[in-house]
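One letter stands for each residue in the lines below.
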Amino acid sequence: MRAIVILCVVAAAITGRADDFKVEEGFTPLFNGKDLTGWKTEKGESLDGKTEAFNGRFKVADGVLTLDPAVKGDVKIFTAKEFAGNVHIKFEFKPGPKCNNDLFLHGLKFDIKSPDVKNLKEGEWHTFEIVLVGDKAEYKCNGELLKTMAAKGKATGLGIRAEFGAIEFRRLRVKEG
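Please read these numbers as outputs of a predicted model, since none were measured by experiment.

Reading the values: rules and limits
- Residues numbered from 1 in each chain as written.
- Predicted model: local features only at pLDDT ≥ 70, side-chain atom pairs only at ≥ 80, totals over all residues.
- Heavy atoms only, no water.
- pLDDT = per-residue confidence, 0-100.
- Contact = heavy atoms within 4.5 Å.
- Salt bridge = Lys/Arg side-chain N within 4 Å of Asp/Glu carboxyl O.
- Pairing = 2+ DSSP bridges.
- Helix = DSSP H or I, 4+ residues; strand = E, 2+ residues; numbered from the N terminus.
- Axes fitted to C-alpha atoms, helices over the stretch in contact; angles between N-to-C directions.
- Buried < 20%, exposed > 50% of the residue type's maximum accessible area, 1.4 Å probe, protein only.

Engineer: Where do I start with the confidence of the model for the protein chain in this structure?
Structural biologist: Note: predicted coordinates in regions of low pLDDT should not be interpreted at a detailed level. Per-residue pLDDT for the protein chain averages 89, and the proportion of residues at 70 or more is 89%. Per-residue pLDDT stays below 50 along residues 1-18; that stretch engages in zero contacts with residues further than four places along the chain or on separate chains.

This is the structure we're talking about:
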C-alpha cells in the first residue's frame, strides 16, 4: 500500500510539472494572467489593474483572457507597449461557437475564424504565432503557415477585437528583434 501512495505522489508531481508553463528564452509576457495591466482601450485609456473591460466583454480569470459573447459590443484592446521592427508574438487560444474575432498589428488585421484558420476546433487550445520580419508578416496556427502579408512599418501594439462569438487567450508573449 505504501508503494502505491508513493507512486501516486510521484505521478502527481510529474503531471503538475508537465502543466507548468514557462516563457521561452528571449520572450516576455504580454499578459500576466491576473488582470489587464499593460493593456489599454482603443482610445488609450489604461486597463492596468482591471480584471474586466467594456462591461465584461473582456474578462480575466484563472490565467485566461475571455471574450464573452453574452456581453454585446464590437470593441478592441491593445497592448500599451508598441512594437517596431522585427517581432514574434505567440499565444494560445480556444475558440467557442461562432468565433470570429480579430488581431491587429502594424496596421494589419487577421480574422480568427473558419476557414481563415485551418483545422479550427471549437473548445480546444491552439497555438498561434505572428512573425514580422522586415516587410513580411506571417500568421501560423499549430505550426502551419496560414497567411503571409506585406507588413506596414508603423509601430503599434497588439490589438484584440471582440467581434462575434467566444474566444479565450492565454500565455501571450513577445520577442523583439
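Having put the structure on the table, let's press on.
Engineer: When you look at the pattern of salt bridges in this model, what are you seeing that I'm missing?
Structural biologist: Proximity of charged atoms lets side chains of opposite charge pair with each other. Per the stated rule, a full pass over the model turns up 14 salt bridges. Connected through shared salt-bridge partners, Asp74, Asp102, Arg161 and Glu163 make up one network.

Engineer: Just checking my understanding: could you explain the sheet that holds strand β9 (residues 108-112) for this structure?
Structural biologist: The strands making up a sheet are joined through hydrogen bonds of the backbone, oriented either antiparallel or parallel. If you walk across this open sheet you meet the five strands as β2-β6-β13-β8-β9, and the pairing is antiparallel. What marks the edges here is a single partner per strand, and that holds for β2 (39-41) and β9. Taken over all neighbouring pairs, the strand axes of this sheet differ in orientation by 25 degrees on average, direction set aside. Of the pairings in the sheet, the one linking strand β8 (residues 100-105) to strand β13 (residues 159-164) comprises four bridges and is antiparallel in character.

Engineer: Would you mind showing me how to read the pairing of β9 here?
Structural biologist: Most of β9 sits out of view: four of its five residues are buried. Pairing of β8 with β9 involves five bridges; the strand directions are antiparallel. Counted as the bridge partner of Asp102 is Asp111 from β9. Connecting the antiparallel pair β8 and β9 is a turn made up of two residues, with His106 showing a positive phi of about 55 degrees.

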